[in-house]
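Chain by chain, the residues:
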Amino acid sequence: MGFFDQRTLITVADPEALAAAAAERLLARIAANSGRIAICLTGGSSPKKLYALLASDAYRGRIPWQRTHWFIGDERFVPPDDPLHNMGMARALFLDRLAPAANIHPIPTDAASPDDAAGRYQRLLQSFYGADALSPARPLFDLVLMGAGPDGHTASIFPGYPAERESARWVVGVPEANVAPLVPRVTLTFPALASCREMLFEAAGSDKRAILTRLFDGENLPASRARSVDQTVWLVDQAALPENFRG
Ligand code: 6PG
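For the structure given in this document, a descriptive report is provided here. These figures come from a predicted structure and were not determined experimentally. Position numbers for residues count from 1 along each chain, tracking the sequence in the order it is written. Local features in this predicted model are restricted to residues of pLDDT 70 or higher, and side-chain atom pairs are both shown and tallied only at a pLDDT of 80 or more, whereas totals for entire chains, interfaces and linings draw on every residue. Side-chain measures here rest on the full set of heavy atoms in the structure, leaving out hydrogens and waters.

Between any two strands, at least two bridges found by DSSP are needed for them to pair. Only DSSP runs of H or I reaching four residues or more are called helices, and only runs of E reaching two or more are called strands; each is numbered from the N terminus. Taken in spatial order, the three strands make up an open sheet running β4-β7-β6, and their pairing is antiparallel. Both edges of this open sheet fall to β4 (74-76) and β6 (171-174), since each of them pairs with a single strand only. For this sheet, the mean angle separating the axes of adjacent strands, direction not counted, is 15°. Pairing of β4 with strand β7 (residues 185-188), which is carried by three bridges, proceeds in the antiparallel orientation. The partner of Arg-76 across the bridge, within β7, is Arg-185. Packed on one face of the sheet, helix α5 (residues 114-129) meets β6 and β7 and runs near 165° to β6. Axis geometry follows a simple rule: fit a line to the C-alpha atoms, using only the stretch in contact for helices, then measure angles between N-to-C directions, giving values from 0 to 180 degrees. Whether two residues are in contact is decided by their heavy atoms, any of which lying within 4.5 Å being enough.

The following block contains the structure:
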């Protein structure tokens, strides 16, 4: 079975078009839900243009900030004001100016350990969800944003690490990262990330082409295993697109 039998590939010209397409998908997910909305953000450099766009005049007025809640799929275990902090990056680019503080849900990196932070975040997610077990009929998130790292990791689920095999817990501590930055991580697991109406990967730039070639060929890596219970979309720009997917 091909990689895109159960996923959708959307190609765009460049990183600007990619951010605009991602913003439109986020708004479509918001428009489809008249109640409380839950968005799971991601870190790394890929989503930065999207986050900046959401704060722009063209988009900020189209988001119902009072009923939209913001989570993060993985975090570097560093203080919230550290430049490496994923939620800190999202806060600086758009959340702090626009979202009510009570709607921003960071992973608590002031915890005693990554495992402790993971346990606390799992309890927070379960309380938000209103149950301790996820039901495919009622996804936790409206949208989960994702990225793919050079080793095929996604969120902070690295190839061959125990987090890859976790099937019960929603969030786990990762004592050591496989790629830079080499700081401990806290990550949502496959079952928690999958609990969404849409999982949206963003990949741009020629640096991503090698890993996308491996993933789209069906190699078994975290980024190729991560999938929504509902829709999974890969948004890819021309520079990142593998040779055999061109034209
Ligand atoms: C993180 C991210 C991670 C990221 C990929 C891609 O904490 O590093 O959440 O999973 O999405 O590593 O990173 P870039 O967007 O920087 O290439």
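To continue, consider the site of the ligand. If even one non-hydrogen atom of a residue comes within 4 Å of a molecule or strand, that residue is called near it. In the region of the ligand, 16 residues are neighbours, and Ser-46, Asp-74, His-153, Ala-155 and Lys-208 sit closest. Gly-43 has a polar backbone atom sitting 3.3 Å from an oxygen atom of the ligand. The side chain of Ser-46 places a nitrogen or oxygen atom 2.5 Å from an oxygen atom of the ligand. Here the accessible surface of atoms and residues is derived via Shrake-Rupley with a 1.4 Å probe, and residues count as covered only by protein chains that are part of the display. Here the ligand loses 88% of its free accessible area of 410 Å² to cover by the protein chains. The distinction between a cavity and a pocket rests on a 1 Å grid over the protein atoms alone: a 1.4 Å probe fits inside a cavity but cannot get out, while a pocket stays open yet meets protein on both sides within 12 Å along at least five of seven lines, and a residue with an atom within 4 Å of a point counts as lining. In this scheme, a molecule is assigned to a cavity or pocket if more than half of its atoms are within 2 Å of the grid points. Put simply, the ligand lies in the largest pocket. Along the lines of polarity and charge, the residues of the shell around the ligand split into two nonpolar, 10 polar and four charged. Polar contact is defined as a pair of N or O atoms within 3.5 Å, subject to the rule that within protein one atom must be able to donate a hydrogen and the other to accept it, and that residues adjacent in sequence are counted only when both atoms are side-chain atoms. Asp, Glu, Lys and Arg are counted as charged, while Ala, Val, Leu, Ile, Met, Phe, Trp, Tyr, Cys and Pro are counted as nonpolar; the rest, among them Gly, fall into the polar class.

A word on the nonpolar core. General note: in soluble globular proteins, nonpolar side chains tend to be found buried as a group. In terms of nonpolar packing, the biggest core is built from 77 residues, with Leu-41, Trp-70, Phe-94, Phe-141 and Trp-234 touching the most fellow members. With residues up to four places along the chain from it excluded, the contact list for Phe-94 reads Leu-41, Tyr-51, Leu-54, Ala-55, Trp-65 and Trp-70. Residues belong to one nonpolar core when they are buried, are Ala, Val, Leu, Ile, Met, Phe, Trp, Tyr or Cys, and are joined through side-chain atoms within 4.5 Å. Only protein chains enter the accessibility calculation, which uses a 1.4 Å probe. A residue is then buried if its area is under 20% of the maximum for its type, exposed if over 50%, and partly exposed in between.

Before going further, it helps to spend a moment on the pattern of salt bridges. For this document, the term salt bridge refers to a Lys or Arg side-chain nitrogen within 4 Å of an Asp or Glu carboxyl oxygen. Counted according to the given criterion, the structure contains 10 salt bridges. For the salt bridge of Arg-25 with Glu-198, the shortest nitrogen-to-oxygen distance reads 2.6 Å. Of the two residues, Arg-25 is situated in helix α1 (residues 15-31) and Glu-198 in strand β8 (residues 196-203); the sequence distance between them amounts to 173 residues. The exposure class of Arg-25 is partly exposed, given its relative accessible area of 21%. The salt bridge involving Glu-219 is made with Arg-214; its shortest N-O contact spans 2.7 Å.

Turning to helix α7 (residues 209-216), its buried residues are Ile-211, Leu-212, Leu-215 and Phe-216. For α7, the arc enclosing every buried residue in end-on projection is 125°, short of the 170-degree limit, so these residues lie on one face. Among the structural elements, β1 (8-12), β8, α8 (222-225) and β9 (231-237) are those in contact with the buried residues of α7. The positive-phi residue at the C-terminal boundary of α7 is Gly-218, with phi of around 95°. The arc refers to the directions leading from the helix axis to the C-beta atoms.

Before going further, it helps to spend a moment on the layout of surface pockets. Grid points are joined across faces, edges and corners, and a volume is the space filled by probe spheres set on the points. In this structure, the largest pocket spans a volume of roughly 320 Å³. Lining of the largest pocket is provided by 20 residues; of these, Gly-43, Gly-44, Arg-76, Gly-149 and His-153 occupy positions nearest its centre.

So, on to the environment of Asp-96. With respect to the helices, strands and loops of the structure, Asp-96 is situated in helix α4 (residues 86-98). Every residue in contact with Asp-96, bar those within four places of it in the chain, is listed here: Arg-91 and Ile-104. A distance of 2.9 Å separates a polar atom in the side chain of Asp-96 from a polar atom in the side chain of Arg-91.

Here six strands make up an open sheet; going across it, the order is β1-β9-β8-β5-β2-β3 and the pairing parallel. The open sheet has two edge strands with one neighbour each: β1 and β3 (68-72). Neighbour-to-neighbour, the strand axes of the sheet open up by a mean angle of 20°, direction not taken into account. Here strand β5 (residues 141-146) pairs with β8 via five bridges, running parallel. From the neighbouring strand, Phe-141 faces β8, where its bridge partner is Cys-196. Most of the contacts of α4 go to β3, to which it runs at about 145°, and overall it touches β2 (37-41) and β3.

With that out of the way, let us pick up the pairing of β7. The two faces of a sheet get side chains in turn, since along a regular strand they alternate between them. Judged by which residues are buried, β7 turns out to be covered on both faces: Arg-185 and Thr-187 on one side and Val-186 and Leu-188 on the other are all buried. Bridging between β6 and β7 involves four bridges; their strand directions are antiparallel. Paired with Val-171 across the two strands is Leu-188, which belongs to β7.

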